[in-house]
Structures are given as structure tokens and as C-alpha cells.
Amino acid sequence: MKHKKQITMMLNGKQISADIEPRRHLVDFLREDLGLKGPHLGCEQGACGACTVRVNGQIVRGCLYLAVQADGATIETVEGLTEQGVLSDLQEAFLRHNALQCGFCTSGMLLAAAELIEHQPKSNREQIRQWISGNYCRCTGYHSIVNAIMEVLEARADGRKVKPVTAA
Amino acid sequence: MKAAAFDYVKAKNLVEAIALLSEHGEDARLIAGGQTLLATLNLRLSEPSILIDITAVSELKGISVQGNMLRIGALVTHTEIEGSDLIAQHAPLLTEAAPHIAHRAIRNLGTWGGSLAYGDPAAEWPACSLALDAIMVIQGPGGIRKVSANDFFIDLYTTTLQADEILVASEIPLASSNQSHSFQELARRHGDYAAVGLAAVIRKEKGKVQTCRLAFFSVAAIPTMATKAQAFLEGKSIDAALIQQAVKLAREEIETLADITNSQETKTHLLGVLLERALTKMMP
Amino acid sequence: MELNGEQFIAAPVSKVWLGLNDVTVLHASIPGCEEIERISEEEVRAKVMFKIGPVRARFSGRLVLSDIVPNASCSMAFEGSGGAAGFAKGKAKVELIGAEGGSLVRYSTEASIGGKLGQIGGRLISASAKKIADDFFLAFAKELGGDLNIVSDAKLEDKLE
């Protein structure tokens, strides 16, 4: 029996504490212990990107990050970021372009796209594809996802707002 | 799959990290970025009884210029290298190579030191460290020692790091004004393990090659320099005919090792293709 | 996966043969060997810890000899289980030939690795096998008190199933 650790973190804007086994991944902790089902489990090897979450402002693989490592860190999932509204133009664009079907990859895709928009806002389609190559989608064939991200990049460059899919 | 149970301790400084490593020996694994280690543990291909987290060890952090060398701490992440102005200025080969490493989420956590210490034959940093003539700074219970990159990678997944030592940093000579570089990598999909790769650095004097370092990766068990092709190019002006001769020499001298994606013959062919591209880029 | 090679050892054939059948010598030669036990004239059981890169996998296995021609050749069948990491199975043919100043050990091996190690490690299984073989012969030659001279490097063939 390995010793549990006490950890404290800022999660989606709230401070939480827990006693956890060191081997527990961040994504399992979020999903199983806290009921945050936004990030998903795909491969558990870091290849598929379904488990992507944000730690200290950067995307990471939730399956390649231990909950104990999150002690003192700031964690954000798609749920928290949606509440803050920081993903709204991406989410609108995804809906407009049918960039999701089953939705399994979507949480990870949105977080990866958000980091692209922040760090490489001048990306072209090829660069978008390279960036999201770490997020597998089995449904859409990626084209619509690239379209959605492209629309957001162009809108932001123009200072425009992305049109909502449904009337307010 | 879930990892087997283990204990976890976070070292506060380098001395403590080394002491913990000595204390637990084979039962312990060091964790920095964890991008290779945690995948290994998830698959239960390793079942250590304790992880020693070194991410708080300040002696392993930071990018700085010290005299005429660029110092890259072992804990510097791939993303930090990708975005560093100091590196863009003093070791631009690394800036060009960084986006080829896996994917952004991996790069945000994965470290310079981790990549070097594992010495995966398909990894980018080992070959880059060879091309840049880097020096590895290592610390263990016996103190600090420095090893040239030329002597650091000895066999498949085997470096000169002893079980009780930690890689602290690398020191890289600052790029000179007459230095040019090229980084080439072929992979089936962006972010995949390289099929073949090349990190090349050339210094010229009056249009002629002064020094030439051509480090291939994913061709053999360790990153491999084309020493005969290098010697051939020294003292000469690069032109199309010379490139063809250098390519032929490199293909002859490097003993390629097949892997699951490519045969020996394909690797031999591709390394020549990459060398041609790199030399063509560095011709002017 | 096939691994074929030839290793020169500066020791007479009879000494090499004895060494290959001596569990004490094998214990010291097999990289990562933790335990080794002779069950019968033909069978040996061993526990070996494989350390390749990030992988640390402990294999429990057995080796069964057949077609034994003393001081000349034998066939062996081996199988090992690495627990959650996977399993390995294979066979090998070993021949000893007298040469000037020593003996030539000629081996040809066919092995398959299954489970996680096979799926993930497949990328470098051949290179790993070659390293293990090289490390084995280096240690084996030291045990016999002789020096190692590589005549020809092990030749590898990856067969994709």
C-alpha cells in the first residue's frame, strides 16, 4: 500500500484539496473523483489527445500527468473555460462548421485550438493541421475542424466576432 | 491501463535528489516531464516503488549565456526552447528542431535533459547536441563531471550517465556569425517518431567549409555522425557536384539499422536525401 | 524477428561448450539475470530483468535444449513471461566451430514478442535484441577469461506479421 498524498490545487477557479494515491492520473482524478467528464480517456499513452487539460496555462496530457504533480497548480478543464467564456468563439465556429459528431475528441480539440490561437495566431491551414495532429478524431475527417479554427483565426485577425449559430 | 502503485517524493534541491536516488537505487525512477516515464508506467512496462520528482530542483532550470557558452538546464521544456529568444540567437538549430518533437501538449512538459538521458535513437535533441558539439554537465554523489556529446551516447538507450547520477545541464558553444544550420526530419505523420533525421551545422571561412557536423538520427542505435562525409567537405566550397559526392560517402559509411517502419536500404536511401536537402540549404 | 550472428571467442571449443551449459557462467553473462536454475540436463529456468530505455520488465522463463551434439551444436526453445509487460517465445540454433586462437559461436534465432512490449517496443525490438546479444557475449567472453573479437556483426531481419 503506497502512501496517499495531500494535494491542493486551483481547479476551474475554485480551490480544492484531496488525499490521493500517487499513481492516480490527473484525468482520472478529474473524471472519477470530481465528476468532471469534459476530458476523456482514449489511449492512456499520450497519443490521442482526448485527455487534454490545461495546467498552469498550458495544455498537457491528463494521462501523462499525475494528480500529485498538480499540487499548487492551476488546472482548467473545458467546463471551467466554457464558464469563463474564453472558448465561445471556437465553440460557435465548431458548431457552425460541424466540427464535431460524437464529441469524444472535442474537449481536447478545443483546448489545443485555444493554445494555437494564443501562441501562433498567424497559422495557415497546414500549420493548423500540424498543431492538431496530436488530437485524434475518428468522426469528422478533420477538415471541418480546420475550417472552424481557420474561421476563428481570421475573425480575430480582422477584429471581428464569430457569428453565433443560433439567434441570441 | 493504470500504473502499478508507487510512492512519490519531491526533491527540494539537487543534493537531496541525488541522495534520494542513491538511497532507493533500482527501485526508484526520476520524474521530470514524465512524458516517456508515465506512458511506460501506464503500460506497466516498469513498476518502480517510488518516483523522485525533480521538477523543483532550481539547479536544473533556466537558459542563460555564460561566457562564450549557452547553458540549457536539464528541466528546460521543449516548448521553452521553441519560444526562447536566447536560443533563437545562439543555437537556432534547436529552434528549428523543436516543433518536430511529438505534439504541443507533450512539448509543454517534456524536457531537454529527459530526452538526452533516455537517448532514444529517434529523438531530436541527442542528434542536435552532437551537431552543436555540446558538453553534458553531470552530477552524482562523487561530484560534478563534464562529458562531450561525442562520448555521451554509447549504445541503444545507453548513455554514460551512471545509475546514481543526474544530468544537470548542457553547455553549447554560441553560434558564430559564419555558422549555418539545417534540421531535417522525415516522419509518416507530423509528430511521429522520425523515420530518418539530420541535424547539420556548418561553419564557413571565405566561402569554404571550415567545420562540418552532420548528426543523423533514427538510422542506427545511437545518433550517428557522418565523419567521412564531414572530412570530405572540409576546406571545400559547396556546389551541386560536391553535394552528390558527400551524399554517396554518407550512404557508404553509415551502417543503418532497420526498424519496424523502414528497412536498412530505405534508411540508407533517405539519409542521403536529407543530406542533399541540408547541404543545398547551406550552400549559399 | 530474426537475429543471426557469429562471435569469435578466444577460448577452445570445449571450454565454450562447458560455459554455455554452466548456469553459473550464464548467470554472470545474461544481462539482468537475477536467478537461474538447472531443472534437468535439458532445461534451465531463469528470471531476467530487462532494462532497455524506460522499460524495466522482469521476465520469468525457461530454456529447453534439444538435438544436443556435445562440443558442436544444439537447438534451444525458449519462452518467457514478463507479466503485464508481455511475453516472448522463440527458438535458436547454436553451433561451435574451432577457429585459429579460439572458437566461433554461430547462432541463428527466431523470436516473437507479444503483449504490450510487442506492440509498443516493436519499433526497437531488433535493436534491443542485438544489444542484449552483444552484451551477453561481452560478459560471456570475460567469464571464460578470454577476449572478445567481433568477426561479423549480428544480422537482423524484422518480419512484419
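Residues numbered from 1 in each chain as written. Chains lettered and ligands numbered in written order. Predicted model: local features only at pLDDT ≥ 70, side-chain atom pairs only at ≥ 80, totals over all residues.

**Student:** Can you walk me through the domain arrangement of chain B in this structure?
**Tutor:** By a widely used convention, the size of an interface equals the accessible area lost when the partners come together. All names here are of chain B. According to the domain assignment, chain B contains domain 1 (7-53), domain 2 (61-173) and domain 3 (179-281). At the junction of the two partners, domain 2 supplies 22 residues and domain 3 supplies 20 residues. Sorting the residues of the side of domain 2 that touches domain 3 by element identifies helix H5 (92-97), helix H8 (124-131) and strand S8 (153-155) as the ones contributing at least two each. The class makeup of the residues in the side of domain 2 that touches domain 3 is 15 nonpolar, three polar and four charged. (Domains from an automatic or database assignment. Contact = placed C-beta atoms within 7 Å. Helix = DSSP H or I, 4+ residues; strand = E, 2+ residues; numbered from the N terminus. Nonpolar A, V, L, I, M, F, W, Y, C, P; charged D, E, K, R; others polar.)

**Student:** Explanation requested: unusual backbone geometry in the structure shown.
**Tutor:** Negative phi values dominate among residues other than glycine, just as trans dominates among peptide bonds. Positive phi values are uncommon outside glycine, yet Glu44 of chain A reaches one of about 55°. Counting through the fold element by element, Glu44 of chain A comes out in the loop between helix H1 (26-33) and strand S3 (52-55). Here Asn71 of chain C, not a glycine, exhibits a phi torsion of approximately 60°, which is positive. Within the secondary structure layout, Asn71 of chain C lies in the loop between strand S4 (55-69) and strand S5 (73-81).

**Student:** Looking at this model, I keep getting lost on the interface of chain B and chain C. Mind explaining?
**Tutor:** With 18 residues of chain B in contact, the opposing surface of chain C contributes 20 residues. Counted by class, the side of chain B that touches chain C contains eleven nonpolar, three polar and four charged residues.

**Student:** Can you help me understand the arrangement of the chains in this one?
**Tutor:** The interface with the most contacts, out of two pairs of chains in contact, is the one formed by chains A and B. Between chain A and chain C there is no contact, and the shortest C-alpha to C-alpha separation is 10 Å.

**Student:** Whenever I open this one, the sheet that holds strand S12 (residues 196-205) of chain B confuses me. Can you help?
**Tutor:** Strands in a sheet are paired, the pairing made by backbone hydrogen bonds, and the direction either parallel or antiparallel. Residue and element names in this part refer to chain B. One open sheet holds the four strands; their spatial order is S11-S12-S13-S14, and the pairing between them is antiparallel. This sheet does not close on itself; its edge strands, each paired only once, are strand S11 (179-186) and strand S14 (224-225). Here H8 sits on the sheet and contacts S12, strand S13 (208-217) and S14; the angle it forms with S13, its principal contact strand, is near 160°. In the packing of helix H12 (residues 264-281) onto the sheet, the strands contacted are S11, S12 and S13, and the crossing angle to S12 comes to about 35°. (Pairing = 2+ DSSP bridges. Axes fitted to C-alpha atoms, helices over the stretch in contact; angles between N-to-C directions.)

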